[in-house]
Amino acid sequence: MKLHEYQAREILARFGVPVPNATYAETPEAARAAAESFGGKAVVKAQVHAGGRGLAGGVKLVSSADEAADVAKSLIGTNLVTHQTGPTGAPVNGVLVAELTDIKTELYISILVDAELRTPFIMASQAGGMDIEKVAEETPEKLIRLATDPVHGLWPYQARDIAIALGIPPKSVRSASALIMNLFKLFTETDATLVEINPLVVTGDDQVIALDSKIDIEDDALFRHPDLEKLADPAQDGELERRAKDAGLAYVKLDDGSVGCMVNGAGLAMATMDITLRAGTNPANFLDVGGGAQEDKIAEAFKIIVDDPDVKAVLVNIFGGILRCDIAARGVVQGATESGSLLPIVAVMRGTNAEEGLKILADSNINVTFADNLSGAAPTVARVLAGGN
Amino acid sequence: MKLHEYQAREILARFGVPVPNATYAETPEAARAAAESFGGKAVVKAQVHAGGRGLAGGVKLVSSADEAADVAKSLIGTNLVTHQTGPTGAPVNGVLVAELTDIKTELYISILVDAELRTPFIMASQAGGMDIEKVAEETPEKLIRLATDPVHGLWPYQARDIAIALGIPPKSVRSASALIMNLFKLFTETDATLVEINPLVVTGDDQVIALDSKIDIEDDALFRHPDLEKLADPAQDGELERRAKDAGLAYVKLDDGSVGCMVNGAGLAMATMDITLRAGTNPANFLDVGGGAQEDKIAEAFKIIVDDPDVKAVLVNIFGGILRCDIAARGVVQGATESGSLLPIVAVMRGTNAEEGLKILADSNINVTFADNLSGAAPTVARVLAGGN
Amino acid sequence: MSVLVDGNTRLLVQGLGREGGYHASACRAYGTNMVAGVHPNRPGMKFEDAVPIFETVKDAVAETQANVGLIFVPASGAADAIIEQVNAGLPLVICISEGVPVQDMVKVRAYIEGSGSRLIGPNCPGVITPGTRTKIGIMPGAIHLPGKVGVVSRSGTLTYEAVDQLSTRGIGQSSVVGIGGDPINGTTFVDVLELFAADDETEAVVLLGEIGGTREQEAAEFIADKLNKPVVSTIVGQSAPPGRRMGHAGAIVTGPSALASNKIAALREAGAHIAETPADIGEVMAAVLAG
Amino acid sequence: MSVLVDGNTRLLVQGLGREGGYHASACRAYGTNMVAGVHPNRPGMKFEDAVPIFETVKDAVAETQANVGLIFVPASGAADAIIEQVNAGLPLVICISEGVPVQDMVKVRAYIEGSGSRLIGPNCPGVITPGTRTKIGIMPGAIHLPGKVGVVSRSGTLTYEAVDQLSTRGIGQSSVVGIGGDPINGTTFVDVLELFAADDETEAVVLLGEIGGTREQEAAEFIADKLNKPVVSTIVGQSAPPGRRMGHAGAIVTGPSALASNKIAALREAGAHIAETPADIGEVMAAVLAG
């Protein structure tokens, strides 16, 4: 689950990490008042779940409260399109108005779980403001890397080592070490998958401050963080993604696809997408209905797929196991009926109750073509798309 | 550092451990109001840093608010003498007025750090209300013992195992497991040296509640618990103990002793006490002035020793190392002078600057006799006590 | 022979709720020797009037000498259940539960290191050995055929797909091992390849990989250096966009090495036979076995 | 020979404040080869114009090949400093700091288990080997005499007392080891007895115990079963009341086995020569050595 910068800032402050003075504003008036409280000079930042805001015009320096209100007005209520959002962009429902910081040095630090090392991993660099991938590629010797102890976590001396390696001025090493310890505490106690401070800055008076931040929380761990779960902003996702999340479906919309895919199991779903591509057509989505799906959920999955205007045909590929094929079939019929979709459907069903499922589809009045197996499915879709049957 | 029951109760509640409704009252009027809020029936418990309150008349059942006020009046402002307090007892500055609990079963659970196993250790038993030592001795098979993992701590399944072994009713096993997890969290997060719930009760409606509790916090860890440090009640210690604590001295008053001992180092202090005993006299105290003591601290140590009315002679035994003998000697002279004590002093000094220290003592006008070494010290004290010189 | 589970397997199932009960029943129906269930509120009762249920894993192991534990508890309690089974001395623990928080798995992995127990999963379909009718997991038993091909996979239904392709061609399986789709799990491709390498009955291996992580590259190294048996492999997720999680927590392209193409290249380089699409696994294996 | 420290010792001192600086200076004056200091705010400076100071232990070890670390940092940072030294690969870490929270030591002990590093202390006077003029700690060097008696003790000044009794009788010491007075520490009596047992130069041992815990009983077992050298021992705290901490965090009578009498009985049973009072240690050892 992604957090907005203004939410991340509050969590940082709660964990004792210094952040700039700032106010979240959902109206131009509130933005004006906030800028006024900082003497008029401020930075106004659109709050969307996407990077690349600066280049996209979502971050503006203002030198008066009026200007802050103007900028807020121009941003709030619009969709901001960045290189991370896709063409429709993400809705801006508010801006963060932040006091200007006297920046001496810009640094970088982030924490994530490294799957290969199986432990929280800290990356830091003196090249603040830059993408860490770029630093890793261009000047790997400048990258500070630390695998923490999986059980104990971060020791204070390690935080100090990082602060020293970052070139923090000696008199600020202690506060920077404390900041890093607190970041790590935040990471573990919130079940974050990513905490990134970019830039971490040293100010003119040698304060160390988290100027901009990104915090992602693990969806699977939200059951123990009801307070964080409330911070979700489903409006940031596309409409179809939001519906999928509500239905408990794993769904990812792909660009430029025409074949909607409905599959049980993530691996088989990817296999189905790959097959589709191999047959010369393009998959429109990843969709895993999961193991314990009931008919309603299957029906909603089908409706999400066909509500994507790019979709021209649907490939249903079910290998019955936990999910029985008859239930999947009934769900598909229900979804097709309720959506009124007339799109052609290609269905492959194997495993538990496959025959029953195929019969349910055949006996329905939906527009379905059958394939025997995975290798037969994609060409069938290609043929159907081409108008054949 | 010991906590009062009412303080422990608040900490338990903060960590999510169910406790009975109760109010701390420092006046009979407050006790009356508290009892009234519970419908008159309540238990009134003297708040002192000592066990054995029940037998000593410090815990009384009352059946009306007036009676609660009477009991509070009879307790507050007095000293309660229990088998743990010594003859002068401990001052009662307030009472805890607690709602009566419908007790079905009384159980026991405690956590401490086991030095042999080097990890937090949980003990539990179905014999609530009894001393755990007695259970361990008489029915060791009834004792539930668990050494927790030193790094990870307690796993939830282990808490559940304990709840099951305690015979908690099945429908309450989950809440009892949570209670035990929370107790453990409290233990580690407060740096407790002891958390003891005795009794832990199952109520008539199968709630599991910490009815009475004891929490000791490690003095050495108070630096990271400023909030807990504020809960100290120095009035509970004897006057001499309180002064020693203020001065940063390790001091323990012993019963029936006449030889005050002033030593540097805990081991040598015990050795000095033992020697004193062996010579047919009784040590009046343990006192370690510590390594880095300065003259003022030595002087205060001396004054604490001689302010004990039982003390008839003082044995000063200093092995100069970090503490130099000349500083110790000057401190002793200062203490003797400031206290105006005329008690005879026997002094042994070895190690760093011993000669200088001995000269300072000899040149002063205090009543001092010298011994060459540890084996000579005790007979000299015995001789001095017997009136010789 | 086979790997991990066989006729000596004595199964303990923890978490006998609706789903756990359903699958425990299916495991028994397939032929698995289930000796114990664990459910804190049902001590003294019997599962399907035959298998005793215990309050704690420790008691269950002591009473029944169970040697494989299967976990169906909700994800929030899965880490605890794994540790409970490991601390009770079960040498093999198979965790089906999906959605275990990654930071729980960080601690679990570190904790069980050197414990003498092996963990399979979480978020996996389990392990099956058709030759001894031993099914420890949620896979549909009926599609399997006893034989000499070992299968290892990060994915559930994709495994069934591959097994189906093998079985419909008459190619049986020695054991089929689902290691699960999470980024941190108990057993890796290399761990299972080591077992297959040492198993006399296994003559060839199917390795089903996917995007994300570098475990397939590690597998490729092992295949090149230490495995003297033919390997057929496919990597799914070639059509996945970067930075998006494809269902499995571990299936996400975070950098070049996470790409399907990178993994395929490594496996090909190591001498594995690549099935160009996931539909060709059976075909390629048939060709390999035919020499 | 000797134990733990000798002429090959290359000392690193962490925590060069007032107290640490004083003692580092005394160690050097005695003859110890101090090769590095560590202080985060003084990189590039030199201690006593001779010993380089580094920002981190890792750097100091890499540059100077230090092999023993001595810790004087405040108790609040002692656990961290111990781990820093262990992780930097120092095979021997001696922590003088007093008042380290016991729950910190629970974690430190578990962490360093199997790390290849040995910890002495905390809350100890350190280790001295008079024969090579190697003093790593806070003991007064002047009272020591080279020789063949090993001394191990939970207490600081009591150790000096015992050493003084030996030296004034002309009985020298191979090494003197203070293991510290805390309930959880890095090295126990048995650990040091093992070292003395294997040390050719050590012909007899003085063991200075006190009330609290059961480490003396463990030592008694080792003496009975595995130590072929005479042991002179005393246990202080016979006059201590139960349940009261006697200065040392570990010196408290919590049950029968914590009593001095119990420990004395165990040691006597094991064949140790008991000095009836702490004043008799030198006398008893003289008699033992005289045969």
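Now for a quick tour of the structure. No experiment lies behind these values; they were computed from the predicted model shown.

What follows is about the overall build of chain C. Within chain C one finds 9 helices and 14 strands. Scaling as 2.2 N^0.38, a compact globule of 291 residues should have a C-alpha radius of gyration of about 19 Å, and chain C matches this with 18 Å. Dimensions of chain C, computed from C-alpha atoms along their principal axes, come out at roughly 55 × 40 × 30 Å. In chain C, the share of contacts with a sequence separation of at least 24, taken over all contacts with a separation of at least 6, comes to 71%. When the accessible surface of chain C is totalled, it reaches about 9700 Å², and 48% of it is carbon and sulfur.

So, on to the pairing of strand S16 (residues 313-320) of chain B. All names here are of chain B. Counted residue by residue, S16 has 8 buried out of 8 residues, so it is predominantly covered. On S16, burial covers both faces: Ala-313, Leu-315, Asn-317 and Phe-319 on one face and Val-314, Val-316, Ile-318 and Gly-320 on the other are all buried. Bridge analysis of strand S14 (residues 259-263) against S16 gives 5 bridges, and the strand direction is parallel. Along S16, the bridge assignment pairs Val-263 with Asn-317. Sheet topology places S16 next to strand S17 (residues 345-351); 7 bridges connect them, and they run parallel. Paired with Val-314 across the strands is Ile-345, a residue of S17. Taking the sense of rotation as the criterion, the β-α-β connection linking S16, helix H11 (residues 325-339) and S17 turns out right-handed.

How two aromatic rings sit relative to each other is set out by the distance from centre to centre and by the angle between their planes. Under the definition given, this model contains 8 aromatic pairs over all chains. Centroid distance A:Phe319 to C:Tyr160: 5.9 Å. Interplanar angle 65 degrees. Geometry classified as edge-to-face. On the criterion of chain membership, the pair formed by A:Phe319 in strand S16 (residues 313-320) and C:Tyr160 in helix H5 (residues 157-167) is interchain, its members lying in two chains. By relative accessible area, C:Tyr160 is classed as buried at 5%. Geometrically, the ring pair formed by B:Tyr6 and B:Tyr24 is stacked, given 3.5 Å between the ring centres and 5 degrees between the ring planes. Of this pair, B:Tyr6 sits in helix H1 (residues 5-14) while B:Tyr24 is found in strand S1 (residues 22-25), placing the two residues 18 residues apart along the sequence. Under the relative-accessibility criterion, B:Tyr6 is labelled buried at 15%. The exposure class of B:Tyr24 is partly exposed, given its relative accessible area of 23%. Above the plane of the ring of C:Tyr30 lies C:Arg133, whose end atom (NZ or CZ) is 3.9 Å from the centre.

About the thresholds
Residues numbered from 1 in each chain as written. Chains lettered and ligands numbered in written order. Predicted model: local features only at pLDDT ≥ 70, side-chain atom pairs only at ≥ 80, totals over all residues. Heavy atoms only, no water. Helix = DSSP H or I, 4+ residues; strand = E, 2+ residues; numbered from the N terminus. Rg over C-alpha atoms; globule rule 2.2 N^0.38 Å. Contact = heavy atoms within 4.5 Å. Areas by Shrake-Rupley, 256 points an atom, 1.4 Å probe, with all protein chains shown as cover. Buried < 20%, exposed > 50% of the residue type's maximum accessible area, 1.4 Å probe, protein only. Pairing = 2+ DSSP bridges. Right-handed = clockwise from strand over helix to strand, strands pointing away. Phe/Tyr/Trp six-rings, centres within 6.5 Å; stacked < 30°, edge-to-face > 60°. Lys NZ or Arg CZ within 6 Å of the ring centre and 35° of its normal.

No statement about biological role is implied by the geometric values presented.
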